Structure formats: structure tokens, C-alpha cells
Amino acid sequence: MRLMDTAIRRIKNHPGWGFVCGRISALEGKLLSRDFFQSLVAMTHYDDILQHLQDSFLREYLVPGAPWEDFTALADRCFYDLAVSLRRESPSPAPVNLFLCQGDYLNLKNALSGLKDFPFLPGEVSLESIQAIAGGNLADLPLAFHETVSTTGTEASEIVRTVTDIVVDGAYLRHLLFVAGQIDSPLVRACIRDRVLTRTISVLWRALRQGRFLKLYRQYFLPLGEYSPTVDEMIDIGNPDDWAAVVGGEVGDILGEALQWPYTEQVSRFELLGVNHCIRLAADGRLQTAGPERVFAFLTGLHSEMQNLKLAVSGRLNRIEPTLLKERLREVYG
């Protein structure tokens, strides 16, 4: 029996979530189908693309004269606005924060790297806090950072700047596990655990491809909860060809499948397969009448839709072949 089958049977209704889930019931009918994207990636004229998008959540954001170069920002804004509105109506912000916190950590990566540009919309960390961190006040870092480095003194600041991407990636994944642990939902926790595991494999795999020493990840990426022993073993092995047996389960199977692809396509194929796996798991939350699972499932579907729209529209504007775009489309709910 699959882990998620067990999780579904343990889903229970939470009356306090009734209002927001009632709204989601109406919104779900507006999610786009795979046929929509199949048609979109075949279009060649801007007017046809614009007309096609009138059936999407982006309709209100595509004002006449808006430059196509801003399309990614428009899609991100659309997702953000809808997610924030659902958070306001939810008894707990946790399910929505699982999606919004990614922008916070991308801004934090810039702040810790000495950059002054923070382009992502704030989820849980305010712009004021980001600016304070950029100014050297590491005491304002989220708690997820505290397990990796000390947050006081100039020495800690130098450590963070040297390995910023490793530190931030580890903190982000710990944050996801922490937030999911606050939600009374085996389904959501199982989804996030697999999301964290697939992201971890991707991070380590790409590090190897870039010629980085994985021992740095033991020092600055860990701890990662229940996955710390797995990551330790992967680092010791140092060869993705032998990781599937260590990872095990469905994610291990996905890794094994990705390894069958040409070398240059393995990592990107694994990331797509991993994302689709997590999307399918989350879809079980649609069975919930009232509860955090319904919010999490809808936002998973909406996020996938926005990523597909950015891929399809940007791809067509840059003359990428429709066949290539279709291969990269994520799973959809519609």
C-alpha cells in the first residue's frame, strides 16, 4: 500500500476550513487542462496567445499594452495575490506559506550575497527584515538558519557569504519541513517530505556537475531532519549512479529512471519527474471537503499552471520548438 493511500484514509474534515475550501471549490473549475497548454505551445502569433490566455487566471493581469517581457512577473504576481487572499481566509497560514516562503529565501540569498536587489514578493519575511540582513544584522535571519551557522559576529557573516547558496538551500528545506510539521495533515507532510528529498538530490547532483566538493554540504547544508543520514551517505558515495539504492522508495525509482536518460538531460529530467510526482501526491487533497489539504492541493495545481504558462509563453516568444516545450510541461489539474 502506498504511503499516500494511508494518508488519504486519515484525512478528516475541519469545519473551520469550510469557508476557504468553499471558495477553492469554485476556483478549481478555472484551472487549465493539458489540452489548453498543448494548443498554447503551438501558437505563433501574439494576438492568438493573448486571446487564449483570456481563459486563465491571468486575464485580469493582461492589460492592453503590457510588455510581453514582463510576463513572468505578471504570472508570479497573479499566483502571489491569489495565495495571499487564501491565506487571509485560512485558519492557519501554514499551507500557503509553504509556497510563498520560496521568494523569501531567494531574497535572502541576494541579501547574504551582498546584493541590494530583492525582486521576489515577501511571504513570511518582510522587506524591512531582508534589508536589515543585507546590512549585516544576521540576528534577523529565520530560525532555519540557526542550525547551520552562528548568527552573531563578523566571522559568521564571512562564513555565510562564502557558501551562501549552500546555507540558504539547506535553510529553505528545513523551513519547509518545519512549516509542514505545524499542519495536522499526514498528506501534506508526506508531500513536503518528498519535495524536500527531490530538491536535495537535485542540489547535490548539480553541485557535482559544477565540480563542487560535497563535503561542504555536510557542513553547511545539513541538518535536514530525517534525511540527514541519507544525505550523509550520498555525500560519502559521491556518485549519483549509486544514489537510488540509498534513497529508496518512489523518489529512488524516479532517480533510477532519470539515470536512463542521456547524461546532459539526467538532472533536468529528474527534476521534472520529481515535480510531477509531488504534484500527483498533492492532488489527493482534492478529496478533502474542508481542511488544509484542499488549500495545499489547489495551490500546488495553481503553481504548476503558472510555471507551465511561463514556460509556454516565454518559449513561444523565443521561438522554441513546440515539441520541446511539450516535453517540459508539468502535470496539470484541469
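Each chain carries its own residue numbering, running from 1 in the direction its sequence is written. The model is predicted, so local features are restricted to residues of pLDDT at least 70 and side-chain atom pairs to those at 80 or more, both for listing and for counting; the totals for chains, interfaces and linings are taken over all residues. Side-chain measures were taken over the full set of non-hydrogen atoms in the model, leaving aside hydrogen atoms and water.

## Let's talk about helix H10 (residues 186-209)
Spanning 24 residues, H10 covers 35 Å between terminal C-alpha atoms, matching the ideal 34 Å at 1.5 Å per step. With a 1.4 Å probe rolled over the protein chains alone, any residue whose accessible area is under 20% of its type maximum counts as buried; one over 50% counts as exposed, and the rest are partly exposed. For the purposes of this entry, the term helix denotes a DSSP run of H or I that reaches at least four residues, the term strand denotes a run of E that reaches at least two, and both are numbered from the N terminus. Where burial is concerned, most of H10 is hidden: 17 out of the 24 residues are buried. Backbone geometry just after H10 places Gly211 at a positive phi near 80°. Expected helix span is taken as 1.5 Å per residue step, with the number of steps being one fewer than the number of residues.

## Focus on the pattern of salt bridges
Counted as salt bridges are all cases of a side-chain nitrogen of Lys or Arg within 4 Å of a carboxyl oxygen of Asp or Glu. Tallied over the full model, the rule gives 13 salt bridges. Glu147 is the partner of Arg174 in a salt bridge, and the nearest nitrogen-oxygen pair spans 3.9 Å. Within this pair, whereas Arg174 is found in helix H9 (residues 164-181), its partner Glu147 is found in the loop between helix H7 (127-134) and helix H8 (153-162), the two being separated by 27 residues in sequence. Judged by relative accessible area, Arg174 falls into the buried class, the value being 6%. Salt bridges sharing partners connect three or more residues here, namely Lys109, Asp169 and Arg199.

## Observations regarding the nonpolar core
By convention a nonpolar core is built from buried Ala, Val, Leu, Ile, Met, Phe, Trp, Tyr and Cys residues, the set being connected through side-chain atoms within 4.5 Å. Among the nonpolar cores identified, the biggest contains 107 residues, and Leu40, Leu98, Ile201, Phe298, Leu299 and Leu309 are the most heavily contacted of them. In terms of residue count, the dominant contributor to this core is H10 (eleven residues). It only takes one pair of heavy atoms within 4.5 Å for two residues to be counted as in contact. With residues near it in sequence (within four places) discarded, Leu309 still touches Leu32, Phe36, Phe37, Leu40, Leu53, Leu58, Phe71 and Ser314.

## Examining the confidence of the model for the protein
A residue's pLDDT is simply how confident the predictor is in it, with values from 0 to 100. Averaged over every residue, the pLDDT of the protein is 90; the share at 70 or more is 91%. The element-level mean pLDDT for the protein is lowest in helix H1 (residues 3-9), coming to 49, with helix H14 (residues 249-258) highest at 98. Considering only residues more than four positions removed or in separate chains, one finds that residues 150-156, a stretch of pLDDT under 50, has six contacts.

## Section: the packing of aromatic side chains
Geometry of aromatic contacts follows a simple scheme: Phe, Tyr and Trp rings, the Trp one being its six-membered ring, pair when their centres are within 6.5 Å, and the pair is stacked under 30 degrees between planes, edge-to-face over 60, tilted otherwise. For the structure shown, the criterion picks out eight aromatic pairs. Centre to centre, the rings of Tyr105 and Phe145 are 5.8 Å apart; their planes meet at 10°, and the pair counts as stacked. With Tyr105 in helix H6 (residues 94-112) and Phe145 in the loop between H7 and H8, the pair connects residues that are 40 residues apart, well separated along the chain. In this pair, the class of Tyr105 matches that of Phe145, namely buried. Here the aromatic rings of Tyr105 and Tyr172 are separated by 5.6 Å at their centres, their planes lie at 55°, and the arrangement is tilted. Placement of the pair is Tyr105 in helix H6 and Tyr172 in helix H9, with a sequence separation of 67 residues. As far as burial versus exposure is concerned, Tyr105 and Tyr172 are alike and both buried. Here the aromatic cluster, defined as three or more aromatic residues joined through ring pairs, consists of Phe79, Phe99 and Phe296. Definition used: whenever NZ (Lys) or CZ (Arg) falls within 6 Å of the ring centre and also within 35 degrees of the ring normal, the charge is taken to sit over that ring. The cationic tip of Arg195 hangs over the ring face of Phe99; the distance from NZ or CZ to the ring centre is 5.2 Å. Positioned above the aromatic ring of Trp261, the side-chain terminus of Arg269 is 4.0 Å from the ring centre.

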